[in-house]
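Observations on the three-dimensional arrangement
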Amino acid sequence: MGSFLVIGMGRFGSAVATELYRMRHEVLAVDALEDNVTGILNQVTNVIIGDAKDDAVLSSLGIQNFDCVIVSMASAIEDSVLTTIKLKEMGAKMIVCKAQNEWHAKVLSLIGAAKVIHPESDMGKRIAYLLVQRNIIDYLEISPDYGVLEIITPKNWVGHSIMKNSIRRKYGINVIAIRSAETGKIKTSPNPDTVLCQGDILTVIGSKQELDEVSALK
């Protein structure tokens, strides 16, 4: 279980925060507006009403205690830039920032953001997966209950076929494509007898619960 600080509870920030919490991670949500945080009060671990641009507020959050800080401020570009600089100075382990444009993204990268995101209206849940599971390449939500996941082949699946691993029976998911680590070629609708190799990238489809279980495999 990871610990996340999400600053800014706009549409994107609240989607990331609530999805991380749904995935059973600790999430502290911060926003200057009371309405923004009270709206997700029961969907995150804790909330704080405070302006992250205020040095005293930022210092009180215990920045070094979080595995990752997500800066999703909806205010002026300079506010997110200055906040990112302060977070870096305070020893944040990993900083992920929402950018409004290419120039903004370049500046954020230069000052220490590990990841810079250009969010679309529905990207919050996808980003939550990418942040907490290092073996995930990409995630696409196709309905409120189902999604498609690109994942690096878990170690205990390597050297065995799809059938031998009982992937569908054990996890309820279907492998719909495999990108070979050796050749880079993609095989769609792979045969159940296909043997999985180290570094192969699997595209799987299933329910959110099933994908959560598979994404936790190492």
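Our structure is the block above this text.
Just so it is clear, the structure is predicted and the values come from calculations on it, not from any experiment.

Definitions and cut-offs
- Residues numbered from 1 in each chain as written.
- Predicted model: local features only at pLDDT ≥ 70, side-chain atom pairs only at ≥ 80, totals over all residues.
- Heavy atoms only, no water.
- Pairing = 2+ DSSP bridges.
- Helix = DSSP H or I, 4+ residues; strand = E, 2+ residues; numbered from the N terminus.
- Axes fitted to C-alpha atoms, helices over the stretch in contact; angles between N-to-C directions.
- Core = buried A, V, L, I, M, F, W, Y, C linked by side-chain atoms within 4.5 Å.
- Buried < 20%, exposed > 50% of the residue type's maximum accessible area, 1.4 Å probe, protein only.
- Contact = heavy atoms within 4.5 Å.
- Parallel < 35°, antiparallel > 145°, perpendicular 65-115°, else oblique.
- Left-handed = near helix turned anticlockwise from the far one by under 90°.
- Nonpolar A, V, L, I, M, F, W, Y, C, P; charged D, E, K, R; others polar.
- Expected span 1.5 Å × (residues − 1).

Across the sheet, which stays open at both edges, the six strands sit in the order 3-2-1-4-5-6 with parallel pairing between neighbours. The open sheet has two free edges, formed respectively by strand 3 (46-49) and strand 6 (115-117), since each of these has just one partner strand. Averaged over all neighbouring strand pairs, the angle between strand axes comes to 15°, with direction disregarded.

In terms of nonpolar packing, the biggest core is built from 40 residues, with I70, L131, W157 and I173 touching the most fellow members. Broken down by element, the residue count for this core peaks at five residues, all from helix 6 (residues 124-132). If sequence neighbours within four positions are ignored, I173 has contacts with W157, I167, R168, V204, I205, G206, E210, L211 and V214. Grouped together as the second largest cluster of nonpolar side chains are 23 residues, F66, I77, L87 and A92 included.

Quick look at the packing of helix 4 (residues 77-89) against helix 5 (residues 102-110) now. Here helix 4 crosses helix 5 at 15°, and the two axes come no closer than 10 Å. Considering their axes alone, helix 4 and helix 5 lie roughly parallel with respect to each other. The way helix 4 lies across helix 5 gives a crossing that is right-handed. Each of I77, S80, V81 and T84 in helix 4 lies in contact with helix 5, whose residues at this interface are W103, H104, V107 and L108. Residue classes in the contact of helix 4 with helix 5 are distributed as five nonpolar, three polar and no charged.

Moving on, we get to helix 1 (residues 11-22). The terminal C-alpha atoms of helix 1, which comprises twelve residues, lie 16 Å apart, in line with the 16 Å expected from a rise of 1.5 Å per residue. The complete set of buried residues in helix 1 reads F12, G13, S14, V16, A17, T18, E19 and L20.

Turning to helix 4, a few remarks are in order. Given a rise of 1.5 Å per residue, 13 residues ought to cover 18 Å, and the 19 Å separating the end C-alpha atoms of helix 4 matches this to within 8%. Within helix 4 the residues assigned to the buried category are I77, D79, S80, V81, T83, T84 and L87. Where helix 4 terminates, the next one or two residues include G91, which has phi positive at roughly 90°.

In short, the description is geometric, and any link to function would need to be established separately.
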